[in-house]
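Chain and residue survey
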Amino acid sequence: GHSEKIIFDFDDPMGGSTCVACGECVQACPTGALMEKSLVDERGVYANHPDREVDSVCPYCGVGCQLTYQIKDDRIVAVQGRDGPSNQNRLCVKGRFGFDYVHHGDRLAVPLIRKDGISKHDTAIDPGNPWTHFREATWEEALDRAAGGIARIRDQHGGGALAGFGSAKGSNEEAYLFQKLVRAGFGTNNVDHCTRLCHASSVAGLLEGVGSGAVSAPFMAVEDADCIVVIGANPTENHPVAATFFKQAVERGAKLIVMDPRGTTMMEYATHMLQFKPGRDVAMLNAILHTIVTEGLYDEQYVQANVDDFDKLVENVKDYSPEAMVELCGIPAEMLREVARVYARAEAAIIFWGMGVSQHIHGTDNTRCLIALALSTGQIGRPGTGLHPPRGQNNVQGASDAGLIPMFFPDYKPVEDAQTRAAYEAAWGVTLDPKRGLTVVEIMDAIHADRIRGMYIMGENPAMSDPDVQHAREALAKLEHLVVQDIFLTETAKYADVVLPASAWPEKDGTVTNTNRQVQIGRKALPLPGEARQDLDLIIELAKRLGLDWNYHHVSEVFTEMVSFMPSLANISWERLERESSVTYPVDGPDEPGHDIVFGNGFPTASGRGKFVPAKLVSPAEEPDAEYPMVLTTGRQLEHWHTGSMTRRASMLDDLEPEAVASLSARDVERLGLRSGEPVRVSTRRGTITLKIRIDAAIPPGLIFIPFAYAEAAANILTNPQLDPFGKIPEFKYCAARIEPAAALAEA
């Protein structure tokens, strides 16, 4: 009837309700009573009816949702979910409504060159209006200047004086050509990307323990699981569509064990919630392993047949009884024992972990413990079992697979292996660096040490994403030559000597590999703005100017070459992807389905067996003290992604979360005499930022949570750059901090 209306919760305003603005109700509505407001004009008239549609893949997180762009007059007016294997028509708020960044007025549309007399140090001291630091240039001038500076440094100081950061936001083909350019054209293995800042320690632990850095099962495997462990991850915000599969599994009757220092939305669905003390993962996990060993809950037959060094695990965990670890990790001993029994006795159990596990100086040790849980109980290689660290960016899995990392060629072949290197030298016609390169943070240190003088950065934003970003920004300012290729004048691009306007994801053809090992094809939906060019074409143009004889005419040719070096992608052709849109690797034949579940018949190690690697207690690099009495942790929000360069320019997303906040417990807010919404200063030993307070019931006393997407209050000004010795990943998730009212400091 006419009195019917849509309500949220108990007739709360939409913005004040629990609605997360995913738009699923709009896509499901059969009558058109619900509609995206982007389809109507200011009069409320349905004036933006799409004139064409293009199928593609979401440009945000590693879930890899398939979608359809709805386009009118070469502008995206709406996005619909498609029946892809990882989303089954579903989308989150970013995937459905975070698309208009491609049409933002800040898009780079013409090449830029830094004006004479304006140094990068001027930018560091007083950014002012950074656009005034550059002048427009022709493509010939910009490309000649970009390549000329790189060639000069290479020829005068050697390839080791150069480095490149590629992008996990682009395609597999771009990642492959980028690392090929740095290795063959620059003459160095100093090439890396954002995996170093998210799951590097996870990959290090997985390669060591099971011989592969990829997940052993897709997140859809929870459909067959009796027990699901989610540790150090917040899937409802970081991987919202994957979280819907977890919720459905719980509704079916699966047990959900959530382990996290922060309370998350998933704890509402959890059968067991372990809110442990920050930075004490190893203490808690070793206590669980102790229970599995001492109570005989391990799968003796599986261990004997498939895993080495069980005796080392037994010896290591004997001193980690739950009773001994209670004070350290903060979880009652009986809860630790119960969780161990639930996991070990399950018919099928699967573990998911996020950057709350990996972004510590003991991140690899955390991963070793999780691998030991799966291997000791045989919870791997079967439906509903496995190890899965969900990837953060849309192509961080694919970019790593394609060799965009300093120690490996594609498919994780060591650059120091002479036989592997010889094969690449023969194929590429160049002599390659025999030494592994430097990682993201190590490169910044090397700039300060005058060992690296020039960089080429494509689609990465280290001036926001690196730990201790002041240190990183000073490094960027110190470079003799910096080339940045991006779609916006990011915080990093402001330090460039040459800025190359590039292509956004909806403007290109290419493949990406999601967290499930699903290789998926993205299709060009929009023309490029102004004089912007395809990222792939720009890499090729620079390569030619650096003396490489590259002649690629289509992205499919790059894909075919890449696959020839990657046995993992055997039987996946460009034509097959055009036909099927998504293929999971590994796959046995050109018409066979891929294997969702791997390691059912051994592991891809030299021995064919897995390995237990014991983990000892390692304290965080920086503990709270009288001067800095609280712990700071950082992460993402549902509405914003990575450094915010895209989502902060997506109007609907920025309307939902327009300003930086620091989340605290109500107890800490009261203890400090603060009020919700009040401006405060958060300080660590590296710097200070000003932002507003938000009370969050999920935050325990003593902890501060800050999202890192806000340039005006960059959380990574505060974070600790100390590295995990194995994964070389910084400790983003733990450092000592203090918080004070901003007004009181201003008056002082």
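Below or above, wherever it landed, is the structure these notes cover.

Procedures and definitions
Residues numbered from 1 in each chain as written. Predicted model: local features only at pLDDT ≥ 70, side-chain atom pairs only at ≥ 80, totals over all residues. Heavy atoms only, no water. Pairing = 2+ DSSP bridges. Helix = DSSP H or I, 4+ residues; strand = E, 2+ residues; numbered from the N terminus. Axes fitted to C-alpha atoms, helices over the stretch in contact; angles between N-to-C directions. Phe/Tyr/Trp six-rings, centres within 6.5 Å; stacked < 30°, edge-to-face > 60°. Core = buried A, V, L, I, M, F, W, Y, C linked by side-chain atoms within 4.5 Å. Buried < 20%, exposed > 50% of the residue type's maximum accessible area, 1.4 Å probe, protein only. Contact = heavy atoms within 4.5 Å. Parallel < 35°, antiparallel > 145°, perpendicular 65-115°, else oblique. Left-handed = near helix turned anticlockwise from the far one by under 90°.

**What to know about the sheet that holds strand β19 (residues 510–513)**
Within the open sheet, the three strands sit side by side as β19-β20-β21. Their pairing is antiparallel. Strands at the two margins of the open sheet, each flanked by one partner only, are β19 and β21 (582–584). Between one strand and the next, the sheet's axes are offset by a mean angle of 25°, whatever the strand orientation. Where β19 and strand β20 (residues 518–522) come together, four bridges link them in antiparallel fashion. Bridge pairing in β20 links T513 to V519.

**Description of the packing of aromatic side chains**
For the structure on display, the rule yields 17 aromatic pairs. Ring plane angle 45° and centroid distance 4.7 Å describe the contact between F246 and F352, whose orientation is recorded as tilted. Separated by 106 residues along the polypeptide, F246 in helix α8 (residues 240–252) and F352 in strand β12 (residues 349–353) bring together distant segments of the chain. Between the aromatic rings of F599 and F603, the centroid separation amounts to 5.3 Å while the plane-to-plane angle is 45°, which identifies the pairing as tilted.

**What to know about the nonpolar core**
One finds L177, L181, Y456, L500, W550 and I572 to be the most contacted residues of the largest nonpolar core, which totals 61 residues. The contact partners of L181, leaving out residues within four places of it in the chain, are F186, Y456, I539, L542, A543, L546, L548 and W550. Grouped together as the second largest cluster of nonpolar side chains are 55 residues, A21, F352, I487 and L526 included.

**Examining the packing of helix α9 (residues 281–294) against helix α15 (residues 363–377)**
For the pair α9 and α15, interaxial distance at closest approach is 9 Å and the crossing angle is 15°. Overall, the two elements α9 and α15 adopt an arrangement that is roughly parallel. The two elements α9 and α15 meet at a crossing, and its hand is left-handed. Seen from α9, the contacting residues are D281, V282, L285, N286, I288, L289 and I292; seen from α15, they are D365, N366, C369, L370, A372, L373, S376 and T377.

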